[in-house]
Amino acid sequence: MDFNEKVVLITGASSGIGAATAIHLSKQSAKLALVGRKEKNLKRIALYCEKNKGLSPLCIIADVTEDADTERIVKEAVEHYGRIDVLINNAGVIGMGGIKNSSMEIYDKVMTTNMRSVYHLTMLAVPHLIESKGCIVNTSCIAGMKPTVMALAYNLSKAALDHFTKCVALELAPDGVRVNSVNPGFVKTNLLKDTGLTEDQLEMFVKNVVGHTPLKKPVEGDEVAALIAYLASEKAKSTTGCNYVIDGGSLLR
Ligand SMILES: NC(=O)c1ccc[n+]([C@@H]2O[C@H](COP(=O)([O-])OP(=O)(O)OC[C@H]3O[C@@H](n4cnc5c(N)ncnc54)[C@H](OP(=O)(O)O)[C@@H]3O)[C@@H](O)[C@H]2O)c1
């Protein structure tokens, strides 16, 4: 796959799946606009990317839950590169708890980050994607497809994102813009770090999830990155409105 001359905007590129995707695409000569809140982490990933083909990514330090930041993301990417070919809506957070032990703070934080910001950023990027006949890949999760009791707000945000992917794919198909999502199972990243779970609880959680995964292993960030790259590439030119599962067989149970 070749992303030569393609401008790819990735949110949540400072860590985990987004960072793996940035590095993967940098090896294929993509012109990258990387978004994250933690400047040090984002710049570290940008340096990794630059080492591959010598292309220096544009780093945009921004909080996707702030409307002014979201507007600035699109503005800076377009001012710098003159176009956007691929939008990867990847930034996300998780909040733990079911309906008996949740809070409106958790609901608002998770829905605002995982869904509202995607709605807003996509809305602002669409005119540029229509112009470039580009595409969108959203990072969703199998949690939106299968009911579980651990993280209600998170599950809802990803179920909404899956429907968003399909609705927007239908709307933008006449414009030649494709929209898909990847829906990973458990990947070892920093996602669970701010959940308030203790180290022991985290370890138990991971052991439990991996134990219930038919392939008995977590999904790797690189594998998700490769799937995102495929969906963003010309090879997937007939694929739109799909939620692509990559979960070691978890949904089979
Ligand atoms: N890990 C899993 O098991 C798993 C499974 C399925 C789906 N996913 C999805 O994968 C995506 C990436 O998560 P990850 O697992 O790679 O977790 P991660 O390592 O915690 O990375 C999350 C990324 O999102 C960014 N982010 C979060 N809130 C943001 C905000 N308000 N503004 C800007 N950036 C923000 C973070 O940036 P900063 O650190 O710079 O703030 C970071 O780069 C999420 O949408 C998640 O739901 C993860």
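Above this text you will find the structure in question.
Residues numbered from 1 in each chain as written. Predicted model: local features only at pLDDT ≥ 70, side-chain atom pairs only at ≥ 80, totals over all residues. Heavy atoms only, no water.

Draft legend 1. Quick peek at the overall build of the protein. A count of helices and strands for the protein gives seven helices and seven strands. Ordered by position in the sequence, the α and β elements of the protein form the string β-α-β-α-β-α-β-α-β-α-β-α-α-β. The C-alpha atoms of the protein give a radius of gyration of 17 Å, which matches the 18 Å a tight globule of 253 residues would have. In terms of principal-axis extent, the alpha carbons of the protein reach across some 50 × 40 × 35 Å. Each of the 253 residues in the protein was classed as buried or not, and the buried ones make up 50%. For the protein, the computed accessible surface area is about 12,600 Å², with 55% contributed by carbon and sulfur atoms. Counting 29 positive and 27 negative side-chain charges, the protein places the averaged centre of each group 6 Å from the other. (Helix = DSSP H or I, 4+ residues; strand = E, 2+ residues; numbered from the N terminus. Rg over C-alpha atoms; globule rule 2.2 N^0.38 Å. Buried < 20%, exposed > 50% of the residue type's maximum accessible area, 1.4 Å probe, protein only. Areas by Shrake-Rupley, 256 points an atom, 1.4 Å probe, with all protein chains shown as cover. Lys, Arg positive; Asp, Glu negative; His and termini not counted. Charge placed at Lys NZ, Arg CZ, Asp CG, Glu CD.)

Draft legend 2. Summary view of helix α1 (residues 16-26). Counting buried residues in α1 gives eight out of 11 residues, a clear majority hidden from the surface. For α1, the complete set of buried residues consists of Ile 17, Gly 18, Ala 19, Ala 20, Thr 21, Ala 22, Leu 25 and Ser 26.

Draft legend 3. View of the packing of helix α4 (residues 104-132) against helix α5 (residues 152-172). Running from N to C, α4 and α5 point in directions that differ by 15°, and their axes come no closer than 9 Å. The pairing of α4 with α5 is recorded here as roughly parallel in orientation. When you trace α4 past α5, the crossing you get is right-handed. Contacts between α4 and α5 involve Ile 106, Tyr 107, Val 110, Met 111, Asn 114, Met 115, Val 118, Tyr 119, Thr 122, Val 126 and Ile 130 from the first element and Ala 153, Tyr 154, Leu 156, Ser 157, Lys 158, Ala 160, Leu 161, Phe 164 and Leu 172 from the second. Its residues assigned to classes, the contact of α4 with α5 shows 16 nonpolar, three polar and one charged. (Axes fitted to C-alpha atoms, helices over the stretch in contact; angles between N-to-C directions. Parallel < 35°, antiparallel > 145°, perpendicular 65-115°, else oblique. Left-handed = near helix turned anticlockwise from the far one by under 90°. Contact = heavy atoms within 4.5 Å. Nonpolar A, V, L, I, M, F, W, Y, C, P; charged D, E, K, R; others polar.)

Draft legend 4. Local environment of the pattern of salt bridges. The tally for this structure, following the rule as stated, stands at seven salt bridges. Here Lys 31 and Glu 5 are joined by a salt bridge, their closest N and O atoms 3.2 Å apart. Taken together, the residues span a long stretch of sequence, with Lys 31 in strand β2 (residues 31-36) and Glu 5 in the segment before β1 (7-11) at a distance of 26 residues. A salt bridge links Asp 69 to Arg 72, with the nearest nitrogen and oxygen atoms 3.6 Å apart. Here Arg 72 and Asp 69 lie together in helix α3 (residues 67-81), a separation of three residues that amounts to about one turn. For Asp 69, a relative accessible area of 17% puts it in the buried group. Overall, Arg 72 belongs to the partly exposed group, its relative accessible area being 29%. Salt bridges linked by common partners bring Asp 69, Arg 72 and Glu 76 together as one network. (Salt bridge = Lys/Arg side-chain N within 4 Å of Asp/Glu carboxyl O.)

Draft legend 5. Fine view of unusual backbone geometry. Positive phi, normally seen in glycine, also occurs at Glu 5, with a value near 75°. Of note in this structure, Ser 29 is not a glycine but carries a positive phi near 65°. Relative to the assigned elements, Ser 29 resides in the loop between α1 and β2. Overall, Ser 29 belongs to the buried group, its relative accessible area being 15%.

Draft legend 6. Expanded view of the site of the ligand. Looking at the ligand, there are 30 residues lining it, with Ser 14, Ser 15, Arg 37, Tyr 154 and Thr 189 nearest. Within the contact set of the ligand, an oxygen atom lies 2.8 Å away from a backbone nitrogen or oxygen of Lys 38. One nitrogen or oxygen atom from the main chain of Val 187 is found 2.8 Å from an oxygen atom belonging to the ligand. Out of a free accessible area of 890 Å², the ligand has 95% covered by protein chains. (Near = heavy atom within 4 Å. Polar contact = N/O pair within 3.5 Å; in protein donor to acceptor, adjacent residues only side chain to side chain.)

Draft legend 7. Layout of the side chain of Asn 180. Inspection of the secondary structure assignment puts Asn 180 in strand β6 (residues 178-184). At a separation of 2.9 Å, a polar atom in the side chain of Asn 180 contacts the main-chain carbonyl oxygen of Thr 239.

Draft legend 8. Just the packing of aromatic side chains, in detail. Applying the stated criterion across every chain yields a total of one aromatic pair. On the basis of an interplanar angle of 40° and a centroid distance of 5.9 Å, the ring pair of Tyr 119 and Phe 164 is categorised as tilted. Of the two residues, Tyr 119 is situated in helix α4 and Phe 164 in helix α5; the sequence distance between them amounts to 45 residues. (Phe/Tyr/Trp six-rings, centres within 6.5 Å; stacked < 30°, edge-to-face > 60°.)

Draft legend 9. Quick peek at empty space enclosed by the protein. Considering all chains together, one arrives at two cavities of 30 Å³ or more under this definition. Volume-wise, the largest cavity comes out at about 40 Å³. Surrounding the largest cavity, Thr 11, Val 64, Asn 89, Asn 90, Ala 91, Ser 117, Val 118 and Leu 121 form its lining. Across the lining of the largest cavity, the residue classes tally to four nonpolar, four polar and no charged. Its volume calculated, the second largest cavity comes out at about 30 Å³. For the second largest cavity, the full set of lining residues is Phe 186, Val 209, Val 210, Thr 213, Lys 217, Pro 218, Val 219, Asp 247 and Ser 250. For the lining of the second largest cavity, the residue count by class is five nonpolar, two polar and two charged. (1 Å grid on protein atoms, 1.4 Å probe; cavity = no way out; pocket = protein on both sides within 12 Å on 5 of 7 lines; lining within 4 Å. Points joined across faces, edges and corners; volume = space filled by probe spheres on them.)

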